[in-house]
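The residues making up each chain are set out below.
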Amino acid sequence: MLLEIFDPKAPPRAIGIDLGTTHSLVAFVRDGRPEVVADCDGERLLPSVVHYDEHGQALVGRGARALAVEHPRETLVSVKRFMGRGADDAETRVRSPYTFAPQDAGGPNTVRFALRGKTVTPVEASAEILRTLKRLAEDEIRTVGGAVITVPAYFDDAQRQATKDAGRLAGLEVLRLLNEPTAAALAYGLDKKVNGTFAVYDLGGGTFDITVLVLDDGVFQVKATGGDSALGGDDFDRAIAEDLIGDLGLDATRAGEPAVVRALLDAARALKHGLTEHDEATVADPTGSGTSKELRYTRARLDARIAPLIARTGVACRRALRDAGLEAAELDGVILVGGSTRVPAVKRFVAEVFGREALADIDPDQVVALGAAVQADQLSGQGQNEVLLLDVLPLSLGIAVGGGVVDKVLPRNTTIPTTARGTYTTQEDKQTGFDIHVVQGERELAGDNRSLARFLLKGIPPMAAGLAKLEVTFAVDADGLLTVHAREATTGIEQVVEVKPSYGLDDETVERMLLEAIDHGEEDLAARRLAEERMEAHRLRSATKKAIDTDAHLLEAGEQVAIEGALAEVDAAAAGVDPTRIHAALDALDRASKPFAQRRMDRAIAQAIRGRAVDDVAANVTTPGPGSDSNGSEGSVPSEARH
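Asks: Hey, could you run me through unusual backbone geometry in this one?
Replies: Note: most residues except glycine have negative phi, and most peptide bonds are trans. Omega for the bond connecting isoleucine 416 with proline 417 falls within 30 degrees of zero, at 0°, which places this linkage in the cis form. Unlike most non-glycine residues, aspartate 31 shows phi in positive territory, near 55°. In this structure, aspartate 31 sits in the loop between strand S2 (23–30) and strand S3 (33–36). Positioned with a positive phi, arginine 142 is a non-glycine residue whose angle comes to about 75°. Structurally, the position occupied by arginine 142 is in the loop between helix H2 (122–141) and strand S10 (144–151).

Rendered as structure tokens:
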């Protein structure tokens, strides 16, 4: 037996987290090289899915994803798309299985999901994902230090603040928010040891970014960035799902049922993945109507359906090149990031826009987390690579002046951290204060941009119009977060505001949640264990019932009675609140069903090798995991799954 040697005096290690729309990852640097942490099953990609059970406990990852169709309202998928968004945002009005809670009078204007009698914000759901990633890292490196969390380059201030709040709520010290394309370029540049000017095309599950940057001996200077924080593979899925609604002839009422919406979106995603490698893919009717109808979808149909969506990325690419003052031919390469770049139509489009085939040497799903780990290692003071990151603002920052016009204090693509100042005066005689409205965006009128904050600077003595002198200073830190300092020069009256967008959680709320998490830490761990054991009981009970229904003829005398008795004890234990009892009941079910499971496995092996030569079998044999057979019945008996 090999034992890992652990030094109890070893300092905590910083980690890098890619908090993704579809999947999330955590990585750290070992012996000078970044690596992504795998869970106990060897999986590196954690599905960004959170399920809330009837007790309000959260389950994250593959187990949560498995419950999405059965519990569509209580299972949050792609929650990143709701981060930093208001309740009246367009994203809350697209076809989805969720129920949104009404806003509290006077409370923050943020999306709130109604789940089993409680409300959950995107910040809280994202914090559950981050907690799970933190635990994965602790299993690997024992003690976690600070964390670098990546965000889409085109996330605005509200979305960045929401992400930082989620990190704090998860108990993480957030060292920095790092733009995803910059993280990818960091990993690529250090791994390949290349210099030059590159475009990073990042199309994930819910966001799109394009970044143009220069790599020069450890200096990563972003020249321009752009994108769309509501465009990604989820939109491809929605487009396919709309086609499936037509193919199935569903009316609006049936198509709007939460379970049907979730089943259609999952079927659409399965078709999209199948069409990555094949010209045609099929799925069974996902609506639970009991029909055996098979839905076919071709790659040509997919290409036509998503062409307008992909074309939207081209607009941002051309604008980023223009902002950087470059032609596509002047680039040294294009780096692909994000799972949606695996779609063949996307690869062809990128080649057309930039006039060259893109680079995909590093796994596009992992490259962002790897870069975040390198940056975290640097910021913790343990890094071996000397790196300087010069990032930029994705969107302009300004204030509303007379007539609602925006004066842009900091234009987009300004290198951060940075500071800038604007000087203003009064419009009317005897004006005794300033109403300062901070906005973010590229439109000319304040009403067309994202409102970040409003505050009043009072106490100005009455003066004739034009005599007062207001100096407004914007300071943006390395995370892209804004602080505003307003000062009236003639009186010295001033005010400093750390911009906290109305779309997030306020400091008191975050602090209360953190204190509650500390106070109820042991209770939460116990509740988590209970939720996991209940989920396992549900899964194994269903698998056992299915096995008996399918292969009852393989049961021997008295076996069915013993198995059903064990199932009854599992049901009774799962209805209680003792996870140890549930675990013991599942072990008893294992023992009762093991001979039956062995006969099913023997039968499956005999069928697989019947009529085949020994040499042929030896050349093609593989070791299947539980439930890995094609018909979905063999290999799913509980004793295989738990031993």
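Asks: What is the right way to read the nonpolar core from this model?
Replies: Most often, soluble globular proteins have nonpolar side chains that are buried together. Ranked by size, the top nonpolar core spans 48 residues in total, and within it Tyr201, Ile210 and Phe354 carry the most contacts. With nine residues, helix H8 (residues 299–324) is the largest single contributor of residues to this core. In terms of nonpolar packing, the next biggest core, distinct from the first, is built from 44 residues, Ile17, Val49, Ala58 and Val174 among them.

Asks: Hey, could you run me through the sheet that holds strand S20 (residues 406–410) in this one?
Replies: Sheet strands pair via backbone hydrogen bonds, and the direction of the pair is either parallel or antiparallel. Read from one edge of the open sheet, four strands run S20-S19-S23-S24, paired in antiparallel fashion. Edge strands, defined here as strands with exactly one partner in the open sheet, are S20 and strand S24 (450–458). Strand after strand, the sheet turns through a mean of 30° between neighbouring axes, direction not considered.

Asks: Got a minute to help me understand the packing of aromatic side chains in this structure?
Replies: Any two aromatic rings considered together are summarised by their centre-to-centre distance and by the angle between their planes. Scanning all chains against the criterion turns up seven aromatic pairs. Seen in terms of ring centroids, phenylalanine 82 and phenylalanine 113 are 5.2 Å apart; in terms of plane orientation they differ by 85°. Their pairing is edge-to-face. One end of the pair, phenylalanine 82, is in the loop between strand S7 (75–77) and strand S8 (113–115); the other, phenylalanine 113, is in strand S8, and 31 residues separate them in sequence. Pair check on accessibility: phenylalanine 82 and phenylalanine 113 agree, each one buried. The class for phenylalanine 113 is buried, based on a relative accessible area of 1%. Among the aromatic residues, those joined into a cluster by ring pairs are Phe82, Tyr98, Phe100 and Phe113. Over the face of the ring belonging to phenylalanine 155 we find lysine 80, whose NZ or CZ atom lies 6.0 Å from the ring centre.

What counts and what doesn't
- Residues numbered from 1 in each chain as written.
- Predicted model: local features only at pLDDT ≥ 70, side-chain atom pairs only at ≥ 80, totals over all residues.
- Heavy atoms only, no water.
- Helix = DSSP H or I, 4+ residues; strand = E, 2+ residues; numbered from the N terminus.
- Core = buried A, V, L, I, M, F, W, Y, C linked by side-chain atoms within 4.5 Å.
- Buried < 20%, exposed > 50% of the residue type's maximum accessible area, 1.4 Å probe, protein only.
- Pairing = 2+ DSSP bridges.
- Axes fitted to C-alpha atoms, helices over the stretch in contact; angles between N-to-C directions.
- Phe/Tyr/Trp six-rings, centres within 6.5 Å; stacked < 30°, edge-to-face > 60°.
- Lys NZ or Arg CZ within 6 Å of the ring centre and 35° of its normal.

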